[in-house]
Amino acid sequence: MTARKPSAVASIRVWQRMLSGRRLDLLDPSPLDIEIADIAHGLARVARWNGQTSGAHIFSVAQHTLLVEAVLRQQKPRIDLSFRLAAMLHDAPEYVIGDMISPFKAVLGGDYKVVEKRLLAAIHIRFGLPPELADHITQAIKAADRGAAYLEATGLAGFAEAEARRLFGKDPGLPPAMQQEYLTPWTAARAEKQFLARFKVLNAP
């Protein structure tokens, strides 16, 4: 009688080791294995638009999330700090699964979204947010995300304004100085530092 071989599924590694030493299970993520330093470090090194942006550096997901939070502040100036934090963390799962452009997500279908949703719920719990946000908050963050995408598309990714309006909606109308600040790609080190600094403000007790 021969010994049974372990199943292929059991032999597949579904966790990632973080620089903090945490080991995050992608299929069953625990909030206890999530650290903001790992998120900041990872997002600062993940490129938006598959790297197809102008500038001396990549336009990172970390910088994008700060732009989204800035757009949300512009659109909803009285929104609670916790929901500004949720806006800043809306793409946080990408520190482990990367940033896939929307067309590729559509090709992959539901499995990607299931993993992303589990990770985001664990991240929310880790930082004191509801696992799932109320619909009106989710919609406000999505609107800010589209506004940020419009600015990035026209300012960095080579889209014509008419095409960007069709795909992402209207220009969110950030002040010119703020646009210049957030649309000048930062180094990874600066993006990481800025992300952590803003998190500290929004997550203050």
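Everything discussed here concerns the structure shown above.
Residues numbered from 1 in each chain as written. Predicted model: local features only at pLDDT ≥ 70, side-chain atom pairs only at ≥ 80, totals over all residues. Heavy atoms only, no water.

Draft legend 1. Region of interest: the packing of aromatic side chains. Under the counting rule described, the total for this entry stands at five aromatic pairs. Over the ring of Trp 15 we find Arg 23, and its NZ or CZ is 4.5 Å from the ring centre. (Phe/Tyr/Trp six-rings, centres within 6.5 Å; stacked < 30°, edge-to-face > 60°. Lys NZ or Arg CZ within 6 Å of the ring centre and 35° of its normal.)

Draft legend 2. Representation of the pattern of salt bridges in the model. Under the criterion given, the structure shown has ten salt bridges. A salt bridge links Arg 45 to Glu 192; the shortest N-O distance between them is 2.9 Å. Of this pair, Arg 45 sits in the loop between helix H2 (36-43) and helix H3 (61-75) while Glu 192 sits in helix H11 (residues 188-202); the two residues are 147 residues apart in sequence, bridging distant segments of the chain. Accessibility expressed as a relative area gives 18% for Glu 192, which makes it buried. One salt bridge connects Lys 117 with Glu 132, and the closest N-O pair in it is separated by 3.8 Å. Residue Lys 117 is found in helix H7 (residues 110-126), and its partner Glu 132 is found in the loop between H7 and helix H8 (135-155); the two are separated by 15 residues along the sequence. The residues Lys 117 and Glu 132 share a single accessibility class, namely exposed. Members of the salt-bridge network, linked through shared partners, are Arg 22, Glu 35 and Arg 126. (Salt bridge = Lys/Arg side-chain N within 4 Å of Asp/Glu carboxyl O. Helix = DSSP H or I, 4+ residues; strand = E, 2+ residues; numbered from the N terminus. Buried < 20%, exposed > 50% of the residue type's maximum accessible area, 1.4 Å probe, protein only.)

Draft legend 3. Examining the nonpolar core more closely. In this structure, Ile 39, Leu 67, Leu 89, Tyr 95 and Phe 195 are the most contacted members of the largest nonpolar core, which totals 57 residues. Looking at this core, the elements with two or more residues in it are H2, H3, helix H4 (81-88), helix H5 (94-97), H7, H8, helix H9 (161-168) and H11. The greatest single-element share of this core, amounting to nine residues, is contributed by H8. In this structure Phe 195 touches Ile 36, Ile 39, Ala 40, Leu 43, Ala 62, Thr 65, Leu 66, Met 88 and Leu 89, once residues within four positions along its chain are discounted. (Core = buried A, V, L, I, M, F, W, Y, C linked by side-chain atoms within 4.5 Å. Contact = heavy atoms within 4.5 Å.)

Draft legend 4. A look at unusual backbone geometry. The phi angle at Trp 49 is positive, at roughly 55°, despite the residue not being glycine. Tracing the backbone through its elements, the reader meets Trp 49 in the loop between H2 and H3. Not every positive phi belongs to a glycine, and Asn 50 is a case in point at roughly 55°. As for its position among the elements, Asn 50 is in the loop between H2 and H3. Residue Asn 50 is classed as partly exposed on the basis of its relative accessible area, which comes to 49%.

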